[in-house]
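# Architecture and fold: a report
These are the residues of each chain, in order.
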Amino acid sequence: MDADDEPAQRSREGWWWKALLSGLSLWVATIVVTMTTHSNNLIPTLILVGSFLVPFCVVLFAVERISGAVRSLDVFMAFLLGGVFGVLGAALLESDLHPSPWLGLRVALVEEFVKAALLVLVARSITPKTRMQGGLLGACVGAGFAGFESAGYAFNAAVTAHGISLGPLLQSEATRSILAPVCHVLWTALLGAVIFRAAGSGRFRVTAGVLGAFVGVVALHTLWDSMQDLADGLARALSADASLSGGFYVTGLVLVALAGLASLAFTLRRSPA
């Protein structure tokens, strides 16, 4: 990097957290105006800002750190394709799923497969491929998926039999925004790092490591989605007070998140590539 490029590079650093703070203020302002005016016209704005604030900051974080043959356009395409085509593909493949003890596993298989396929599609021309590139692009695919999925959940929470309800909408957005970095973003980042490491300077390959990582993220996803049922079952098995189920639930989510973060850190550090 030339000396003249260094100030420009430094000026771009930190935009993700600046955008996060600014976006949070904008989200709060939108809530206040919506509650003051009682205008349903602001509901789409509230859903979009609340659902995409954290995912967009993930993209900015990746843009500041991506290197090699990866362009900023590739990062934003990963976000957009991961969001639009991710939720469309998952919705089509999940359309015939019915409630069963295996529902969580089947949903995790579908969603993680769709995100991995989109990541490979976006990054097919990148050479050479490094584990850091895979982790950052995977995080962007997961962020796009999380943003569009959260928007759908927020919309469903807002629509009630009595009209539009702000309380459930805001609760849905706040909860999913806080958890987004340790859900789809983390899982796809982990899988992306392994996929890129296996490819190296060549084409994408299905190796034992890639299959193992896929099984791992599916397991994390399944545990995450099934944690409430597992917590309720544990509380009943221990003949504990039903209120303890909430504690078991939060503890379980924390353990799953830590397992994912530890796996990602191990993957990014185990080789020089």
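Since the structure is predicted, the reported quantities are computational estimates derived from the model, not experimental observations.

### Things to note about the confidence of the model for the chain
Looking at the chain, pLDDT values average 89 and 93% of them are 70 or higher. Looking over the chain, one finds the lowest element-wise mean pLDDT in helix H1 (residues 5-12), namely 44, and the highest in helix H8 (residues 184-199), namely 96. Scored below 50 in pLDDT, residues 1-11 makes 3 contacts in the model with residues more than four places away or belonging to other chains.

### Looking at unusual backbone geometry
Across the chain, the bulk of peptide bonds are trans and the bulk of non-glycine residues have phi less than zero. A cis amide bond, omega -10°, links Thr127 with the succeeding residue Pro128. Turning to its location among the elements, Pro128 is positioned in the loop between helix H5 (103-123) and helix H6 (131-158). Positive phi, close to 55°, is recorded for His38, a residue that is not glycine. In this fold, His38 is placed in the loop between helix H2 (15-37) and helix H3 (43-65).

### Some points on the side chain of His221
Along the polypeptide, His221 turns up in helix H9 (residues 208-237). Polar side-chain contacts of His221 include one of 3.4 Å to the side chain of Glu111. When residues no more than four places from it in sequence are discounted, the contact partners of His221 are Ala108, Glu111, Glu112, His184 and Trp187.

### A short note on the pattern of salt bridges
Throughout the structure, instances matching the rule amount to 4 salt bridges. Across the salt bridge formed by Asp74 and Arg71, the nearest N and O atoms sit 3.0 Å from each other. Taking relative accessible area as the criterion, Arg71 reaches 49% and is therefore assigned partly exposed. The salt bridge involving Glu112 is made with Lys115; its shortest N-O contact spans 3.1 Å. Of the two residues, Glu112 and Lys115 are both situated in helix H5; the distance of 3 residues between them amounts to about one turn of the helix.

### Some details on the nonpolar core
Core analysis: the biggest nonpolar cluster contains 56 residues, and Val75, Leu137, Leu169 and Trp224 have the highest contact counts within it. Here this core gets 11 residues from one element, more than from any other, and that element is H8.

### Some words on the environment of Leu264
Position of Leu264 relative to the elements: it lies in helix H10 (residues 244-269). Here Leu264 falls in the buried class, since its relative accessible area comes to 15%. Through-space distance from the C-alpha of Leu264 to that of Asn40 is 42 Å; in sequence the pair is 224 residues apart.

### Focus on the packing of H6 against helix H7 (residues 166-179)
H7 packs onto H6 with a crossing angle of 155° between their chain directions and a minimal axis gap of 7 Å. What the angle tells us is that H6 and H7 run roughly antiparallel. Of the two possible hands of crossing, H6 and H7 adopt the one that is right-handed. Residue-level inspection shows Glu149, Ser150, Tyr153, Ala154, Ala157 and Ala158 of H6 in contact with H7, the latter providing Pro168, Leu169, Ser172, Glu173 and Arg176. Of the residues that constitute the contact of H6 with H7, the class distribution is 6 nonpolar, 2 polar and 3 charged.

### What to know about the packing of aromatic side chains
Using the criterion set out here, one finds 5 aromatic pairs in the structure. Consider the rings of Trp187 and Trp224, whose centres lie 6.2 Å apart with planes at 75°: the pair is edge-to-face. One end of the pair, Trp187, is in helix H8; the other, Trp224, is in helix H9, with 37 residues separating them in the sequence. In this structure Trp224 comes out as buried when scored by relative accessible area, which is 11%. Taken together, Phe52, Phe79 and Phe148 form an aromatic cluster joined through their ring pairs. Above the plane of the ring of Phe61 lies Arg65, whose end atom (NZ or CZ) is 3.8 Å from the centre. In this structure, Lys115 packs its charged tip against the face of Phe145, placed 5.6 Å from the ring centre.

Rules behind the numbers
- Residues numbered from 1 in each chain as written.
- Predicted model: local features only at pLDDT ≥ 70, side-chain atom pairs only at ≥ 80, totals over all residues.
- Heavy atoms only, no water.
- pLDDT = per-residue confidence, 0-100.
- Helix = DSSP H or I, 4+ residues; strand = E, 2+ residues; numbered from the N terminus.
- Contact = heavy atoms within 4.5 Å.
- Polar contact = N/O pair within 3.5 Å; in protein donor to acceptor, adjacent residues only side chain to side chain.
- Salt bridge = Lys/Arg side-chain N within 4 Å of Asp/Glu carboxyl O.
- Buried < 20%, exposed > 50% of the residue type's maximum accessible area, 1.4 Å probe, protein only.
- Core = buried A, V, L, I, M, F, W, Y, C linked by side-chain atoms within 4.5 Å.
- Axes fitted to C-alpha atoms, helices over the stretch in contact; angles between N-to-C directions.
- Parallel < 35°, antiparallel > 145°, perpendicular 65-115°, else oblique.
- Left-handed = near helix turned anticlockwise from the far one by under 90°.
- Nonpolar A, V, L, I, M, F, W, Y, C, P; charged D, E, K, R; others polar.
- Phe/Tyr/Trp six-rings, centres within 6.5 Å; stacked < 30°, edge-to-face > 60°.
- Lys NZ or Arg CZ within 6 Å of the ring centre and 35° of its normal.

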